[in-house]
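# An overview of the molecular structure
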Amino acid sequence: MGLFFLAILDSSPLPTFGGPDILTAILAAAHRNPWYEYAAVATAGSAIGAYLTFRIARKAGSAYLHSKFGNRKLDAILGFFHKWGTGALAVSTAVPFPFPTSVLFAAAGASNYSVGRFTTVVTICRGIRYSLIAIIADHYGRHFIRVLRHPAQYWGWSLVLAAVIFSLIMGGIAVNKRFAAA
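So, here is what we can say about the structure in this document.

Analysis parameters
Residues numbered from 1 in each chain as written. Predicted model: local features only at pLDDT ≥ 70, side-chain atom pairs only at ≥ 80, totals over all residues. Heavy atoms only, no water. Salt bridge = Lys/Arg side-chain N within 4 Å of Asp/Glu carboxyl O. Helix = DSSP H or I, 4+ residues; strand = E, 2+ residues; numbered from the N terminus. Buried < 20%, exposed > 50% of the residue type's maximum accessible area, 1.4 Å probe, protein only. Axes fitted to C-alpha atoms, helices over the stretch in contact; angles between N-to-C directions. Parallel < 35°, antiparallel > 145°, perpendicular 65-115°, else oblique. Left-handed = near helix turned anticlockwise from the far one by under 90°. Contact = heavy atoms within 4.5 Å. Nonpolar A, V, L, I, M, F, W, Y, C, P; charged D, E, K, R; others polar.

With that settled, the discussion passes to the pattern of salt bridges. Taken as a whole, this structure holds two salt bridges when the rule is applied. For the salt bridge of Asp 10 with Arg 126, the shortest nitrogen-to-oxygen distance reads 3.7 Å. Here Arg 126 lies in helix α7 (residues 115-139) and Asp 10 lies in helix α1 (residues 2-10), a separation of 116 residues in the sequence. Of the two residues examined, Asp 10 and Arg 126, each falls in the buried class.

Attention shifts here to the packing of α1 against helix α2 (residues 19-30). Relative orientation of the contacting elements α1 and α2 amounts to 160°, with a least axis distance of 9 Å. Considered as vectors, α1 and α2 are oriented roughly antiparallel to each other. Between α1 and α2 lies a crossing of left-handed hand. Taking contact as the criterion, the partners of Gly 2, Leu 3, Leu 6, Ala 7 and Asp 10 in α1 are, on α2, Gly 19, Pro 20, Leu 23, Thr 24 and Leu 27. In the contact of α1 with α2, the residues fall into six nonpolar, three polar and one charged.

Take a look at the structure:
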């Protein structure tokens, strides 16, 4: 039940910083129940939370969102959503970006996006995301739990991973600056 409510909270504007992803991985790695149960619970909770955010934004309307978030920020988000629509929604729900997906849920609600299409895209993409996390955690569960319990033993690999991620981020920033200059 904790995973279900955390997934609902994750799809709201309150940040949980990848809570359902981490909890799904830990639960699937512990092998208490089959991995697909955790993936289904996380998907259901996330879909319900996304729908609630969508409905609140739909009822509030874009005028209320403009008053809360400011015209410039909200116009940029709505413009991005109008340009990319379903693709932006699918990518943001399937890939755990360090970007609050609930902003796109609110943009979809404020821009009169189809409820059926919204629910379908979110449910399928979150289902794929949580299923992959649960499958990987189920398969590599013992190793995953060992790393969580004894992180000092793996500090070398952690540093290498952090360096690779940092390099990719810095490379992305550099490429983005070059494209912006061109």
